[in-house]
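# Observations on the three-dimensional arrangement
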Amino acid sequence: MADLDQAARAILRGNDLGGYTVPTAGLYPFQWNWDSCLVALGWATFDEARAWDEIDSLLSAQWDDGMVPHIVFHKPSPTYFPGPDVWGTGRTPPTSGITQPPVAATVVRRLLETATDTALTEARARSILPKLFAWHRWFHTHRDPQGEGLVGIIHPWETGRDNAADWDAAMAAVPTDGVGDYQRRDLQHVDADQRPKKADYDRYLYMVKHGREAGWVADGLHDSAPFCVADIGINALLLRADRDLAALAERFGDGAAAGALAGWIARSEAGLQRLWHDGEGTYRSLDRRTGALVDASGSGAFLMLTARAVPDDRRQRLLAMMDRWLAAVPYGVPSLDPADPRFDAKRYWRGPCWLIMNYLIADGCTWAGRPDLAARLKADSRAMVEKSGFWEYFDPTDGAGLGGDSFTWTAAMWLAWAGQA
Ligand code: DGY
């Protein structure tokens, strides 16, 4: 364990470009939003001040409307596509035009709970509270214009679960006109059978083109985007983060923020229950363009446990689904139902396991009264790293490492959770 702890710390230091950590060299040479937040948990195990720098550097790129972008292009790099010129957001530093799962408030609350340097932690948490609140307000206003208690995402990259089967039908409706020729860089770093397909990329780029042509104006985009889905995963993580931010607002005496958050929490709690699929016994995302629930059961649903948002009867059925999935593969938790014909053990979010998902879901299992499941996810995470190393994701059928190697958030999850007693 000590060797792996040391190796994990070396990955964080090696991927540190000065105040921010890239997910991995080559494949992802910039700062990614939810990567950085979760990576802060790893930094905090040996350098608390550096953990806060990670979050501060991300929030330094916050837009005036409150959005915190999914990529911050601090320094140029030729090894990634699409770069700043394709996004065309006109920001300094350049950023993408979309966001990512808002886990920052959840991480900040955790950093406060585990702090050894309390004075530093309190001061730094207090200083970013207004920024976190502005980001959450952006979600609840610009991405939920009808006040339904569900935010919409306008690009699969916003969910972090880029090519999940959840998006298949909504993606099929996205045109590809005018995308033109382009050269993918990801395939120079990772085998094609572990990455999204060309048909996915054509649509990813069409959506970026649409946003660029619309000037990335938040309100209009929700309604005009060719793809708009109320993702179960991001909605669950937002609800969890709202709860954590409300606790922070209370702690720091910001009654106005706490009051607004209480309203959003109540609205989301109600809105999310509309995503229950009674036939399958799980939650599913909602396609805002068709008004229908999507036709795939993915691991995003388990984040409802992390959100502490599953009523008793539904909880038993959702946990039964997790039991069934975990009985089907030696390493959990797969990103797609292993019984789904589209299950693909190696392809990114269509089967593989991710340590960050295991960490978040294990927290939900503990809340749901299933410490055995939490322990299984932790043991599986540990076993995959011990067997294969610090890969981006893992094959649930044999624990083999996939995607990028020396991956920062996998190393961080080891330090903060999987590798620890
Ligand atoms: C990618 O380029 O694969 C990223 O996931 C986009 O955020």
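Here the structure is a predicted model, which means the values were calculated and not measured.

Before going further, it helps to examine the sheet that holds strand β3 (residues 229-230). The strand order β3-β6-β7 describes an open sheet built from three strands, whose pairing is antiparallel. Each end of this open sheet is capped by a strand with a single partner; those strands are β3 and β7 (292-293). Of the strand pairs in this sheet, strand β6 (residues 286-287) and β7 are connected by two bridges, and their pairing is antiparallel. The partner of Leu286 across the bridge, within β7, is Leu293.

Turning our eyes to something else, we now look at the site of the ligand. The ligand sits among Tyr28, Trp32, His70, Tyr80, Trp157, Asp162, Arg195, Tyr201 and Tyr348. One of the side-chain nitrogen or oxygen atoms of Trp32 is found 3.0 Å away from an oxygen atom of the ligand. By residue class, the composition of the shell around the ligand is six nonpolar, one polar and two charged.

Here we take up the pattern of salt bridges. With the rule as written, the count across this model stands at 35 salt bridges. With a closest N to O distance of 3.4 Å, Glu213 and Lys209 form a salt bridge. In this pair, Glu213 and Lys209 both sit in helix α8 (residues 198-213), four residues apart, roughly one turn of the helix. Its relative accessible area of 58% is what places Glu213 among the exposed residues. Between Arg342 and Asp340 there is a salt bridge; the shortest N-O distance is 2.9 Å. Note on Arg342: relative accessible area 24%, which makes it partly exposed. Asp340 gets classed as buried once you look at its relative accessible area, which sits at 12%. Overlapping salt bridges, with partners in common, bring together Arg109, Arg240, Asp244, Arg308 and Asp363 in one network.

Considering the arrangement of structural elements, one finds Arg347 in the loop between α13 (312-328) and α14 (355-367). Residue classification places Arg347 among the buried residues on the basis of a relative accessible area of 13%. Separated by 139 residues in the primary sequence, Arg347 and Val208 place their C-alpha atoms 23 Å from one another. Filtering out sequence-adjacent residues up to four positions away, Arg347 remains in contact with Asn163, Ala192, Asp193, Gln194, Arg195, Lys197 and Pro352. One polar contact links the side chain of Arg347 to the main-chain carbonyl oxygen of Arg195, over a distance of 2.7 Å.

So, about the side chain of Ser299. As for its position among the elements, Ser299 is in the loop between β7 and α12 (303-306). Filtering out sequence-adjacent residues up to four positions away, Ser299 remains in contact with Trp325, Pro334, Ser335, Met357 and Ile361.

Here the focus is the packing of aromatic side chains. This model, assessed by the stated rule, comprises 29 aromatic pairs. Residues Tyr28 and Trp32 carry aromatic rings whose centres are separated by 4.9 Å and whose planes lie at 65° to one another, so their mutual orientation is edge-to-face. Feature note: the residues Tyr28, Phe30, Trp32, Trp34, Phe73, Tyr80, Tyr348, Trp349, Trp354, Tyr393, Phe407 and Trp409 constitute an aromatic cluster, connected by ring pairs. Its end group placed over the ring of Phe46, Arg9 keeps NZ or CZ at 5.9 Å from the ring centre. Here the basic side chain of Arg315 rests over the ring of Trp367, its NZ or CZ set 4.4 Å away from the ring centre.

Each value, and the rule that gives it
- Residues numbered from 1 in each chain as written.
- Predicted model: local features only at pLDDT ≥ 70, side-chain atom pairs only at ≥ 80, totals over all residues.
- Heavy atoms only, no water.
- Pairing = 2+ DSSP bridges.
- Helix = DSSP H or I, 4+ residues; strand = E, 2+ residues; numbered from the N terminus.
- Near = heavy atom within 4 Å.
- Polar contact = N/O pair within 3.5 Å; in protein donor to acceptor, adjacent residues only side chain to side chain.
- Nonpolar A, V, L, I, M, F, W, Y, C, P; charged D, E, K, R; others polar.
- Salt bridge = Lys/Arg side-chain N within 4 Å of Asp/Glu carboxyl O.
- Buried < 20%, exposed > 50% of the residue type's maximum accessible area, 1.4 Å probe, protein only.
- Contact = heavy atoms within 4.5 Å.
- Phe/Tyr/Trp six-rings, centres within 6.5 Å; stacked < 30°, edge-to-face > 60°.
- Lys NZ or Arg CZ within 6 Å of the ring centre and 35° of its normal.

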